[in-house]
Amino acid sequence: AGRRALEFDVEYLLGTHLPGPIVGREAIASVVETHGDAILYLHDQAVRFMLKGETPDQLSARFQALPPFLDRDPYTRAMYGTPQYNAAQQFVGYLGVHEGDATQFRRTAPAERGKRLVALMGGRDRVLRKAQAALAEGDPQWCAELTTLVVRADPADEDARLLKAAALRTLGYAETNPQWRNWYLTGAGELDGSIEPEDLAKTISDIARGSDLPIPVLLDAMRYRVAAERIDDRRLQVAFVLADRGDAYLLTLRNAVLHRDDAPSAEALAGADATATLDTDKLKKVLLGEADL
């Protein structure tokens, strides 16, 4: 895309992730060339070490920063992307999540793994003391990793949650990448209770409620609310007929998967197990949880 931009007689370059406009063809060419090469550098070097057998964690540790000749402040600084994260993503993109170690296939569940590791490390109190010491000594990352084990072993452990929150805030306040900063600080808020995940979900619902989302989009969202463990292999077909528009939709629940047909035949509609005829606005309220059938 950068090379394509340079094919035009460009004097001003605006980018969604840039701190401001770049003025002048020479300046634009310099920034675009360096930025494009930085992306290719991370890709090509990540693939190089992938071929040597390195895993995502190893790639992340290797590419903590770009080399000085590609560090073009502020255009290749870690603002909306981070070298170690981008390098690790190349592995997943090409090879998937399997890192070549069969230990991955049936990993111990996080909660059980946390309990076992905490026990091996001398117990919960000792792990928290070591985590507190790491934070005091300027190593919030190690503090976060240690407290994560305790929290996974017992999600209600308030001391561990608050200590991990302190570590995440320390990391977050020092982070320039806005995405990472958001994850650090939001995670800290969830741990200490200053942020309620349910409130965030409600905010998302409010946004959807205030927007003019079409019925097919709202129906499609129901796929992710199917409680498979309660359904097993039961089959069900439900038709929605919009009285004010004449449209009809058919939902088929099969193999714990919800399928949507936006143009069902009359025969298919007649064979539905249940049919609801209602106005568009009422159906939207049902799908947004503001009303029930």
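Residues numbered from 1 in each chain as written. Predicted model: local features only at pLDDT ≥ 70, side-chain atom pairs only at ≥ 80, totals over all residues. Heavy atoms only, no water.

## Remarks on the side chain of Thr-76
Move 1: Within the secondary structure, Thr-76 is located in the loop between α3 (56-62) and α4 (83-95).
Move 2: Relative accessible area serves as the criterion here: at 11%, Thr-76 is assigned to the buried category.
Move 3: Reaching out from Thr-76, the side chain makes a polar contact with the backbone nitrogen of Arg-72 at a distance of 2.6 Å.
Move 4: Residues in contact with Thr-76, not counting those within four places in the same chain, are Thr-34, His-35, Ala-38, Leu-66, Leu-70 and Asp-71. (Helix = DSSP H or I, 4+ residues; strand = E, 2+ residues; numbered from the N terminus. Buried < 20%, exposed > 50% of the residue type's maximum accessible area, 1.4 Å probe, protein only. Polar contact = N/O pair within 3.5 Å; in protein donor to acceptor, adjacent residues only side chain to side chain. Contact = heavy atoms within 4.5 Å.)

## Side note on the packing of helix α7 (residues 140-153) against helix α8 (residues 158-173)
Move 1: Look at α7 against α8: their axes get within 8 Å of each other, and the N-to-C directions meet at 150°. One element, α7, and the other, α8, form an angle in the roughly antiparallel class. The interaxial crossing formed by α7 with α8 has left-handed handedness. Contacts between α7 and α8 pair Pro-140, Gln-141, Cys-143, Ala-144, Thr-147, Thr-148, Val-150 and Val-151 from the former with Ala-160, Arg-161, Leu-163, Lys-164, Ala-167, Leu-168, Thr-170 and Leu-171 from the latter.
Move 2: A class-by-class count of the residues in the contact of α7 with α8 yields 10 nonpolar, four polar and two charged. (Axes fitted to C-alpha atoms, helices over the stretch in contact; angles between N-to-C directions. Parallel < 35°, antiparallel > 145°, perpendicular 65-115°, else oblique. Left-handed = near helix turned anticlockwise from the far one by under 90°. Nonpolar A, V, L, I, M, F, W, Y, C, P; charged D, E, K, R; others polar.)

## Considering the pairing of strand β5 (residues 257-261)
Strand residues, when the strand is regular, have side chains that alternate between the two faces of the sheet.
Move 1: Note: strand β4 (residues 248-254) against β5, five bridges, orientation antiparallel. Note that in β5 the partner of Thr-252 across the bridge is His-259.
Move 2: Between β4 and β5, which pair antiparallel and follow one another directly, the connecting turn spans two residues, one of which, Asn-255, has a positive phi of 55°. (Pairing = 2+ DSSP bridges.)

## Comments concerning the side chain of Thr-252
Move 1: Mapping Thr-252 onto the fold places it in strand β4.
Move 2: Looking at Thr-252, its side chain comes within polar contact range of the side chain of Gln-237, at 2.9 Å.
Move 3: Once residues lying within four places of it in the same chain are set aside, the contact partners of Thr-252 are Leu-236, Gln-237, Val-257, Leu-258 and His-259.

## Description of the packing of helix α2 (residues 25-50) against α4
Move 1: Contact pair α2 / α4: the axes reach a minimum separation of 9 Å and the direction vectors enclose 60°. Taken as axis vectors, α2 and α4 run oblique relative to one another. In the crossing of α2 with α4, the sense of the turn from one axis to the other is right-handed. Contacts between α2 and α4 involve Leu-42, His-43, Ala-46, Val-47 and Met-50 from the former and Pro-83, Asn-86, Ala-87, Gln-90, Phe-91, Tyr-94 and Leu-95 from the latter.
Move 2: Among the residues forming the contact of α2 with α4, the class breakdown is nine nonpolar, three polar and no charged.

## A look at the nonpolar core
Move 1: In terms of nonpolar packing, the biggest core is built from 21 residues, with Cys-143, Val-150, Leu-163 and Leu-168 touching the most fellow members.
Move 2: Among the secondary structure elements, those contributing two or more residues to this core are α6 (124-136), α7, α8 and α9 (178-192).
Move 3: With residues near it in sequence (within four places) discarded, Cys-143 still touches Ala-131, Ala-134, Leu-135, Leu-163 and Ala-167.
Move 4: Residues Leu-218, Tyr-249, Leu-253 and Leu-278 belong to the second largest nonpolar core, which totals 14 residues. (Core = buried A, V, L, I, M, F, W, Y, C linked by side-chain atoms within 4.5 Å.)

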